[in-house]
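The lines below spell out each chain.
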Amino acid sequence: MSINATALSRLLLAERQSLLRQLSRLVGRDGAEDVAQKLWLKVQAVRDDPPILNKRAYLRRLAHNVAVDHIKSDRRKTAVAQHAEALLWGQDHEPGPDRIVESRETLQRVRDALAGLPEPTRTILHLTRMEGLTQRETAERVGVSSTTVENHLRRALRELAQVRDGDPAGE
C-alpha cells in the first residue's frame, strides 16, 4: 500500500463520522454507508506519485466525487429500469383509439371468416376450441377419423390466421 493510501486510510477512519454526515447530505442516510465503502476502496488504490500535500482536502473532494458518481449510477439504473418496464409493458397499458378500431375490425373479419367456414370444419373447430373436446372425442361425435379432424382444424386455423393478418386470399 502506498504512503498516500495509508495516510488517507488513517484520515478516513479518524474522520469517518464527519464524512458520513457530508455524504448523507449528498446521497441520503442509506446511501452514505455505500458511498463510504466505495470511498474506502478508492483510497486503497491511491498511488504515491504525485504526493498529496493536503490529504484532508483530497479526501473530502474524493468523497464528494464518489457520491456524485453514486448518484449518477442510481439515476442510470432507474432510467434503465423504467425503459425496460416501458418495453415490457408498453408506455400505456391502455391501447389508443387507433389500436381499438383496428382490433375491432380484425375481430369482425375473423368472425365473418368463421361464419363462412364450410361444414364440418366449422363444427369441428367449435367442438375443439370452444367446447374443449379432444380431437378423438370430436372425431367420434362428428363421425370422422382423427386425421380428418386434424386436417379440418389445420385448414381452418390457417384460413383464420390469414384473415386475422389481413391476407384473406392467402397471398
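Residues numbered from 1 in each chain as written. Predicted model: local features only at pLDDT ≥ 70, side-chain atom pairs only at ≥ 80, totals over all residues. Heavy atoms only, no water.

**Q** Is there a simple way to explain the packing of helix α5 (residues 121-130) against helix α7 (residues 146-164) in this structure?
**A** Packed helices, taken two at a time, are described by their axes: the angle between them and the distance between them. Where α5 contacts α7, the axes come no closer than 9 Å and their chain directions differ by 90°. Taken together, α5 and α7 sit at an angle that is classed as roughly perpendicular. On α7, the residues touching T121, I124, L125, T128 and R129 of α5 are V149, H152, L153, A156, L157 and L160. A breakdown of the residues in the contact of α5 with α7 according to their chemical character gives 7 nonpolar, 3 polar and 1 charged. (Axes fitted to C-alpha atoms, helices over the stretch in contact; angles between N-to-C directions. Helix = DSSP H or I, 4+ residues; strand = E, 2+ residues; numbered from the N terminus. Parallel < 35°, antiparallel > 145°, perpendicular 65-115°, else oblique. Contact = heavy atoms within 4.5 Å. Nonpolar A, V, L, I, M, F, W, Y, C, P; charged D, E, K, R; others polar.)

**Q** Whenever I open this one, the environment of I100 confuses me. Can you help?
**A** Within the secondary structure layout, I100 lies in helix α4 (residues 97-115). Judged by its relative accessible area of 32%, I100 is partly exposed. Once the C-alpha coordinates of I100 and T121 are considered, the two residues, 21 residues apart in sequence, prove to be 30 Å apart. (Buried < 20%, exposed > 50% of the residue type's maximum accessible area, 1.4 Å probe, protein only.)

**Q** Looking at this structure, I do not really get the packing of helix α2 (residues 16-44) against helix α3 (residues 55-89). What am I missing?
**A** Running from N to C, α2 and α3 cross one another at 105°; their axes reach a closest spacing of 8 Å. Between α2 and α3, the angle is such that the two are roughly perpendicular. A per-class count over the contact of α2 with α3 returns 13 nonpolar, 5 polar and 4 charged.

Read these as spatial facts, not as claims about activity.
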